[in-house]
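Structural features, examined
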Amino acid sequence: MTETPGRSLPTTSGNELSGSSDAPRKTTAKRLPEPGSRGRTTIADGVVEKIAGLAARDVLGVHAMGSGLSRTFGAVRDRVGSGSSRSSVTRGVKAEVGEVQTALDLEIVVDYGVSIADVARAVRENVVSAVERMTGLEVVEVNIAVSDVKLPEEEEEEPEPRLQ
């Protein structure tokens, strides 16, 4: 134990001061929470939308996200390079994010011949897993609207660029 003039430092047990009795002394110092829990983390809706959009696209049988109209406008926007805040990753995804929970609405296009019920179940499982793992938020619901079925003989709906 090291001593400084006029004061005693705690012993190795931390419960006693030198020169005191053998009875443990209660400390009155305020204990801070663990460093990882100090402060607040907020997650933007767009972050959850990106995670959900990527997770949904990973499911076999999901051809695209969003309705045909939104995909057409999105393709034009992507080619023109406008400063739209909704990228193709978040197309067809809407998230409502609270402090500890989130709810998601997804609009998907499925490939012809797949079981829509199985694809929807797989999308829910993949989205819930990815969002909860990456954000720590509880996903309370994932609503899925199937807006179209992609037929094998259909061409992609991306318009040709006007300027060349």
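Residues numbered from 1 in each chain as written. Predicted model: local features only at pLDDT ≥ 70, side-chain atom pairs only at ≥ 80, totals over all residues. Heavy atoms only, no water.

In the nomenclature of an unreviewed UniProt entry, the chain is known as Asp23/Gls24 family envelope stress response protein of Streptomyces xantholiticus. Quoted verbatim from the Sequence similarities (unreviewed entry) field of the UniProt record, the comment on the chain reads "Belongs to the asp23 family." (UniProt positions renumbered as here; feature names shortened; annotations may be inferred.)

With 24 residues, the main nonpolar core has Leu104, Leu106, Val123, Val127 and Val131 as its most contacted residues. Elements represented by at least two residues in this core include exactly helix H1 (45-57), strand S1 (62-65), strand S2 (93-97), strand S3 (101-111), helix H3 (116-135) and strand S4 (138-150). Looking at this core, the element that brings in the most residues is H3, giving six residues. Not counting the four nearest positions on each side in its chain, Val123 is found in contact with Ala56, Val59, Val62, Leu106 and Ile144. (Core = buried A, V, L, I, M, F, W, Y, C linked by side-chain atoms within 4.5 Å. Buried < 20%, exposed > 50% of the residue type's maximum accessible area, 1.4 Å probe, protein only. Helix = DSSP H or I, 4+ residues; strand = E, 2+ residues; numbered from the N terminus. Contact = heavy atoms within 4.5 Å.)

Once that is clear, we can look at the pattern of salt bridges. As enumerated under the stated definition, the model contains one salt bridge in all. Notably, a salt bridge pairs Asp118 with Arg121, separated by 2.9 Å at the nearest N-O pair. One end of the pair, Asp118, and the other, Arg121, are both in helix H3, three residues apart, so they sit about a helical turn from each other. Among the residues examined, Asp118 registers a relative accessible area of 43% and is labelled partly exposed. (Salt bridge = Lys/Arg side-chain N within 4 Å of Asp/Glu carboxyl O.)

Space inside the second largest pocket adds up to approximately 180 Å³. The wall of the second largest pocket is formed by Arg40, Thr41, Thr42, Ile43, Val97, Gly98, Glu99 and Leu137. Here the lining of the second largest pocket is composed, by residue class, of three nonpolar, three polar and two charged. (1 Å grid on protein atoms, 1.4 Å probe; cavity = no way out; pocket = protein on both sides within 12 Å on 5 of 7 lines; lining within 4 Å. Points joined across faces, edges and corners; volume = space filled by probe spheres on them. Nonpolar A, V, L, I, M, F, W, Y, C, P; charged D, E, K, R; others polar.)

With that out of the way, let us pick up a negative patch on the surface. A contiguous patch of negative charge on the surface is contributed by Asp45, Glu96, Asp105 and Glu141. Along the chain, Glu141 turns up in strand S4. A relative accessible area of 39% places Glu141 in the partly exposed class. (Patch = residues over 30% accessible without salt bridge, like charges linked within 9 Å, V, L, I, M, F, W, Y side chains within 5 Å. Areas by Shrake-Rupley, 256 points an atom, 1.4 Å probe, with all protein chains shown as cover. Lys, Arg positive; Asp, Glu negative; His and termini not counted. Charge placed at Lys NZ, Arg CZ, Asp CG, Glu CD.)

Let's shift gears to the pairing of S4. With 11 bridges connecting them, S3 and S4 associate as parallel partners. Along S4, the bridge assignment pairs Asp105 with Asn143. (Pairing = 2+ DSSP bridges.)

Attention shifts here to H3. In this model, H3 (20 residues) spans 28 Å end to end at C-alpha, consistent with the 28 Å of a helix rising 1.5 Å per residue. Every buried residue of H3 is accounted for by Val119, Ala120, Val123, Val127, Ala130, Val131 and Thr135. Axial view of H3: buried residues confined to an arc of 110 degrees, hence all on one face. Exposed and oriented more than 90 degrees from the buried face of H3 are Glu125 and Arg133. Buried-residue contacts for H3 involve H1, S1, S3 and S4. Positive backbone phi, at 80 degrees, marks Gly136, one or two positions downstream of H3. (Expected span 1.5 Å × (residues − 1). Arc of directions from axis to C-beta.)

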